[in-house]
Amino acid sequence: MTDTASIKDDIAYVRAVAERSQPGHVPAIYLIWAVICLCGFPLVDLVGPGSSMVGVYWSIAGPIGGALTWWLAVRAGRHTGQADRRTGKRWAGHFLGFFAIGVLGMGLVLAGQLSWSGVGSLWILILALTYFLAGLHLERRLMPVGIVLAVGYLFTLYLPEYGFTTAGVLVAVALVAQAWLGTRAKHAAD
């Protein structure tokens, strides 16, 4: 084998390994958001969509969940040797974009064009798109969660009494399932 052929084989091997490389799976992130959603979505049905308690809950739980997610992801990246600031910035930008669009959606309520219940459903619809696109571009395991969120959105529209509770349970189950399936796949690969 010539030196050129050997170098080509080495480069092909390194490229194949890099393409197969997956970021570390952190089931705790999925479980944190499952708990947050399981508590937050039903809150809309319990206290009413226009209650300030819903806003207070998400104003506290969202940033805490985001900070825990960031911390766990950084730890996992360092542990697996895949710490990548660019990827972290893409994740942060992706979910900050969700938050910004959701806040802008609140303008629909302030302008009288949408009810509080409607804006709650809108947040879930935007979250469904956010998770689906994250699954498409960042982490495949999030795509099914986005689809389940879209189904949950429909429940908030057509199940007036327990629509948000149903959506919360569905999303929590989807997140727990992805945590479990990801762990199972990781163990099977090892």
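Above: the structure in question.
Residues numbered from 1 in each chain as written. Predicted model: local features only at pLDDT ≥ 70, side-chain atom pairs only at ≥ 80, totals over all residues. Heavy atoms only, no water.

Novice: Got a sec to walk through the packing of aromatic side chains? Specific residues and values, please.
Specialist: Going through the model one piece at a time under the given rule, you end up with six aromatic pairs. Taking 6.1 Å as the distance between ring centres and 0° as the angle between the ring planes, the aromatic pair formed by Trp91 and Phe95 counts as stacked. Note that Trp91 and Phe95 are positioned in helix H4 (residues 85–110) at a spacing of four residues, about one turn of the helix. Note on Trp91: relative accessible area 26%, which makes it partly exposed. Among the aromatic residues, those joined into a cluster by ring pairs are Phe41, Tyr57 and Trp58. Cation over ring: Arg75 sits above Trp71, and NZ or CZ is 4.9 Å from the ring centre. (Phe/Tyr/Trp six-rings, centres within 6.5 Å; stacked < 30°, edge-to-face > 60°. Helix = DSSP H or I, 4+ residues; strand = E, 2+ residues; numbered from the N terminus. Buried < 20%, exposed > 50% of the residue type's maximum accessible area, 1.4 Å probe, protein only. Lys NZ or Arg CZ within 6 Å of the ring centre and 35° of its normal.)

Novice: Give me the lowdown on the nonpolar core, citing residues and values where you can.
Specialist: Residues Phe41, Ile124, Tyr131, Leu149 and Leu175 are the most contacted members of the largest nonpolar core, which totals 33 residues. At the level of elements, helix H2 (27–47), helix H3 (52–80), helix H5 (116–137), helix H6 (142–158) and helix H7 (163–189) are the ones that each hand at least two residues to this core. Here this core gets 10 residues from one element, more than from any other, and that element is H2. Apart from the residues lying within four places of it in its own chain, the contact partners of Ile124 are Phe41, Leu149, Gly152, Tyr153, Thr156, Phe164 and Ala167. (Core = buried A, V, L, I, M, F, W, Y, C linked by side-chain atoms within 4.5 Å. Contact = heavy atoms within 4.5 Å.)

Novice: So, H3: which residues are in play, and what are the values?
Specialist: For H3, built from 29 residues, the straight-helix expectation of 42 Å at 1.5 Å per residue is met to within 8% by its first-to-last C-alpha distance of 42 Å. Taken as a whole, H3 has its buried residues at Val54, Ala61, Gly65, Leu72, Ala76 and Gly77. The inward-facing, buried residues of H3 abut H2. Of the residues flanking the start of H3, the one acting as N-cap is Ser51, its side-chain oxygen 3.1 Å from the backbone nitrogen of Met53. Downstream of H3 by one or two residues, Gly81 has phi in the positive range, about 75°. (Expected span 1.5 Å × (residues − 1). Polar contact = N/O pair within 3.5 Å; in protein donor to acceptor, adjacent residues only side chain to side chain.)

Novice: Quick rundown of the pattern of salt bridges? Include the residues and the values.
Specialist: This model, assessed by the stated rule, comprises one salt bridge. When the shortest N-O distance is used, the salt bridge between Arg141 and Glu139 registers 2.4 Å. (Salt bridge = Lys/Arg side-chain N within 4 Å of Asp/Glu carboxyl O.)

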